[in-house]
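The chain contents come next:
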Amino acid sequence: MKNYLTFFLLLTMTTASAHGPVPGRLSPPSDLVQAGLTDSDTTFGGTARLCEQVTFSRGLRYGESEANVLDVAASATKADTPRPVLLFVAGDTFTGDRAAPELARQIQDQAMCFAARNGMIGVRVNYRLAPSATWPAGASDVAAALSWVHGNIDLFNGDAREIVAVGYGAGAFHVATLLAHPELQTDGADVAGVVLVSGIYRVGKDASDSEKAYLGLDAVQYDKRSVFPGILNVDVPIVLAWAADDSVGLVAQGETLKRTLCGAGHCPRSALLRSRDGIASAFGLDGSGDSLAEPTLLLVHQLEARGLP
């Protein structure tokens, strides 16, 4: 796998950049696509400007399903030392994003470019969706993606010891579920820190149709499939956030998780976002003000400063 990646990246990264010409079509292995933004990406001015000097590698396969692909974003200028990794697991609901797929990808690209422009490697994970994929498919896919990152991120100058998983919406549930359920964890699926944004962490009898599609119709199973009490045993740093425009239910979910973690002696750093129109908005890339940018960068800098051997 690494030999294929190395060969392919050498071919593509010399010619592809976020604002340069699109490279010609090659015939790479089936689980790889070419690096660089596509023609359609450059029509979105905000994304194109933010992603200048950022190189993308798209559609790298980490599992057996067609949905098991991830994208990697890195600065076109290689750093002298391996860089921390921000791994994004996004999703408005368990059944998919409200936005059109192309628009959702553009918004997530902006968050990836935020990582690359701040000295990190950005990774976006696509995963299987309900109703065809039910609990714990999302968390299992995150575990598989993390294993892939641990085994391959060095090819992008990433440091597998400094992976921060950013779960957004339904993605926050999947990331938290993986941490809370040791039986779902695989070799090489560990993280150095997590950022959980506006997630559902314990579903009740008033579950939405999307939640029922993923967790099942049997409400008796919901507590077992929640992140409690396993999340209380997590020993990595946690940043917990929700937005002022979140629903009352989402705010209550975040507040309950924070209160419970603090009661267990593992109080997370928390942030109240002004807006959560998308993951890019959560990082303040739309100029909305209070965002995750500062606490996330602080977490990453703390991980770098701890001097892992």
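Residues numbered from 1 in each chain as written. Predicted model: local features only at pLDDT ≥ 70, side-chain atom pairs only at ≥ 80, totals over all residues. Heavy atoms only, no water.

### Regarding the overall build of the chain
Item 1. Along the backbone of the chain there are nine helices and eight strands.
Item 2. By residue count, 53% of the 309 residues in the chain fall in the buried class.
Item 3. Of the contacts made within the chain by residues no fewer than 6 positions apart, 74% connect residues no fewer than 24 positions apart. (Helix = DSSP H or I, 4+ residues; strand = E, 2+ residues; numbered from the N terminus. Buried < 20%, exposed > 50% of the residue type's maximum accessible area, 1.4 Å probe, protein only. Contact = heavy atoms within 4.5 Å.)

### Some remarks on unusual backbone geometry
Item 1. Of the consecutive residues tryptophan 135 and proline 136, the connecting peptide bond is found in the cis state with omega at 5°.
Item 2. Considering the arrangement of structural elements, one finds proline 136 in the loop between strand E4 (121-125) and helix H4 (137-152).
Item 3. For the peptide bond that leads from phenylalanine 228 to proline 229, omega is 0°, which places it in the cis range.
Item 4. Structurally, the position occupied by proline 229 is in the loop between helix H6 (209-215) and strand E7 (238-243).

### Re the pattern of salt bridges
Item 1. Using the criterion set out here, one finds ten salt bridges in the structure.
Item 2. Arginine 124 is the salt-bridge partner of aspartate 109, the closest N and O atoms lying 2.8 Å from each other. One end of the pair, aspartate 109, is in helix H3 (residues 101-117); the other, arginine 124, is in strand E4, with 15 residues separating them in the sequence. Just as aspartate 109 is buried, arginine 124 falls in that class too.
Item 3. Across the pair arginine 128 and aspartate 141 runs a salt bridge, and its minimum N-O distance is 2.8 Å. Residue arginine 128 is found in the loop between E4 and H4, and its partner aspartate 141 is found in helix H4; the two are separated by 13 residues along the sequence.
Item 4. The network of salt bridges with common partners includes Arg58, Asp71, Glu102, Arg105, Asp109 and Arg124. (Salt bridge = Lys/Arg side-chain N within 4 Å of Asp/Glu carboxyl O.)

### Let's talk about the sheet that holds strand E1 (residues 54-61)
Item 1. If you walk across this open sheet you meet the eight strands as E1-E2-E4-E3-E5-E6-E7-E8, and the pairing is mixed. The sheet terminates laterally at E1 and strand E8 (269-273), the two strands that pair on one side only. Averaged over all pairs of adjacent strands, the angle between their axes in this sheet comes to 20°, without regard to strand direction.
Item 2. Sheet contacts for helix H7 (residues 248-263): strand E6 (193-197), E7 and E8; angle to E7, the most-contacted strand, approximately 155°. (Pairing = 2+ DSSP bridges. Axes fitted to C-alpha atoms, helices over the stretch in contact; angles between N-to-C directions.)

### As for the state of the cysteines
Item 1. Overall, the coordinates contain two disulfides when judged by the stated rule.
Item 2. When the cysteines engaged in disulfides are numbered in sequence order, the chain pairs them as 1-2, 3-4. (Disulfide = S-S within 2.5 Å.)

### Comments concerning the packing of aromatic side chains
Item 1. As enumerated under the stated definition, the model contains six aromatic pairs in all.
Item 2. Geometrically, the ring pair formed by phenylalanine 88 and phenylalanine 283 is edge-to-face, given 5.9 Å between the ring centres and 80° between the ring planes. Remark: phenylalanine 283 occurs in the loop between helix H8 (279-282) and helix H9 (293-305) and phenylalanine 88 occurs in strand E3 (residues 83-89); sequence separation between them is 195 residues.
Item 3. On the basis of relative accessible area, phenylalanine 88 is assigned to the buried category, the value being 3%.
Item 4. Looking at phenylalanine 283, the relative accessible area reads 2%, which means it is buried.
Item 5. An angle of 90° between the planes, with centres 6.3 Å apart, marks the rings of phenylalanine 173 and tyrosine 214 as edge-to-face. Of the two residues, phenylalanine 173 is situated in helix H5 (residues 170-180) and tyrosine 214 in helix H6; the sequence distance between them amounts to 41 residues. (Phe/Tyr/Trp six-rings, centres within 6.5 Å; stacked < 30°, edge-to-face > 60°.)

### Quick notes on the side chain of aspartate 109
Item 1. On the basis of relative accessible area, aspartate 109 is assigned to the buried category, the value being 0%.
Item 2. A polar atom in the side chain of aspartate 109 sits 2.8 Å from the side chain of arginine 124. (Polar contact = N/O pair within 3.5 Å; in protein donor to acceptor, adjacent residues only side chain to side chain.)

### Description of H4
Item 1. Between its first and last C-alpha atoms H4 spans 22 Å; for 16 residues at 1.5 Å apiece the expected length is 22 Å, and the two agree.
Item 2. Those residues of H4 lying buried are Ala137, Gly138, Ala139, Asp141, Val142, Ala143, Ala145, Leu146, Trp148, Val149 and Asn152. (Expected span 1.5 Å × (residues − 1).)

### Overview of the side chain of serine 291
Item 1. Considering the arrangement of structural elements, one finds serine 291 in the loop between H8 and H9.
Item 2. A polar contact is formed between the side chain of serine 291 and the backbone nitrogen of alanine 293, at a distance of 3.2 Å.

### Remarks on the environment of phenylalanine 94
Item 1. Among the secondary structure elements, phenylalanine 94 is positioned in the loop between E3 and H3.
Item 2. Residues phenylalanine 94 and leucine 215 lie 121 residues apart in sequence; the distance between their C-alpha atoms is 9.2 Å.
Item 3. Contacts of phenylalanine 94, omitting those with residues within four sequence positions, involve Leu129, Ala130, Ala170, Phe173, His174, Ser210, Glu211 and Tyr214.

### Some words on the nonpolar core
Item 1. Counting residues in each nonpolar core, the largest one holds 58 residues, and the members touching the most others are Val72, Leu87, Val123, Leu196, Tyr201 and Ile231.
Item 2. With eight residues, H5 is the largest single contributor of residues to this core.
Item 3. Excluding anything up to four places from it in sequence, leucine 196 contacts Gly167, Ala172, Val175, Ala176, Tyr201, Ile238, Val239, Leu240, Ala241 and Leu257. (Core = buried A, V, L, I, M, F, W, Y, C linked by side-chain atoms within 4.5 Å.)

Geometry only, nothing functional implied.
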